[in-house]
Amino acid sequence: MASPDELGYRIRAFREMRGMSLRALGARAGTSSSLLSQLENGKVNPSIGSLRRIAQALGVGLADLFDDNSLAPRHLLRRADRPELEMGEGARKFALTRPPLHHLEVYTGEFEPGGSTGDEAYVHGDSQEIFIVIRGTVTLWLGEDQYVLEAGDSIDYRSGVPHRMANTGTEPAEVMWITSPPTPDEEDASIHFPE
């Protein structure tokens, strides 16, 4: 078990990595900035419930607050190690970023001809999203509008607008999504790490 000083150090380090003030973290975690200050200085032992809310507000797992290695830089992500998200038939989506990035998330996707994100449009949070076609032809349905995008084309939109994508070309397509801020809770629900 981490000492109060070690726990406080990790919470402060995660908060500063995200450029968050004590007040901002307190607002997200539903606690006071004075309690957070005492926690960061090793002066109090919070409840597990408080730690869960703080971890969620920081975009990390509860275990990360107790792990010495959780603050180590994770800049290198090999292609074979990319976390995979569930997607529609004939399509694969991979995360290019891992927590604790707090301000953006980046994904790459591969669509076989006819592959799509599914028949139904979907929404996730209300973030700014940029969709880029790297290779192939992809049709994007965004609300009531439809866009055919070729390699090099990009479009930005709010992730709260219903949208779906499909490879409407004859060759495999490769795409990229950049979302800021990250979609809440999406990681926990749908990312699968390679064995």
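Residues numbered from 1 in each chain as written. Predicted model: local features only at pLDDT ≥ 70, side-chain atom pairs only at ≥ 80, totals over all residues. Heavy atoms only, no water.

Engineer: How would you summarise the confidence of the model for the chain if you had to cite specific residues and measurements?
Structural biologist: On average, residues of the chain score 84 in pLDDT, and 85% of them are at 70 or above. Predicted confidence is poor over residues 186-195, with pLDDT under 50, and the contacts of this stretch with residues over four places away or in other chains come to 21 contacts. (pLDDT = per-residue confidence, 0-100. Contact = heavy atoms within 4.5 Å.)

Engineer: Explain the pattern of salt bridges to me, using residue names and the numbers behind them.
Structural biologist: Note on pairing: side chains with opposite charge can pair once their charged atoms come close. Taken as a whole and assessed by the stated rule, the structure comprises 7 salt bridges. The partner of Arg 12 in a salt bridge is Glu 40, with the nearest N and O atoms 3.6 Å apart. Of this pair, Arg 12 sits in helix H1 (residues 4-17) while Glu 40 is found in helix H3 (residues 33-40), placing the two residues 28 residues apart along the sequence. You can call Glu 40 buried: its relative accessible area is 5%. One salt-bridge network, in which partners are shared between bridges, spans Arg 79, Glu 84, Arg 92 and Glu 110. (Salt bridge = Lys/Arg side-chain N within 4 Å of Asp/Glu carboxyl O. Helix = DSSP H or I, 4+ residues; strand = E, 2+ residues; numbered from the N terminus. Buried < 20%, exposed > 50% of the residue type's maximum accessible area, 1.4 Å probe, protein only.)

Engineer: Go over the pairing of strand E8 (residues 163-167) with me, naming the residues and quoting the values.
Structural biologist: Extensive coverage of E8 is indicated by the burial of 5 of its 5 residues. In E8, alternate side chains face the same way, and those of His 163, Met 165 and Asn 167 on one face and Arg 164 and Ala 166 on the other are all buried. Judged from the 5 bridges that link them, strand E5 (residues 137-142) and E8 form a sheet pairing that is antiparallel. Residue pairing in the sheet places Val 138 in a bridge with Asn 167 of E8. (Pairing = 2+ DSSP bridges.)

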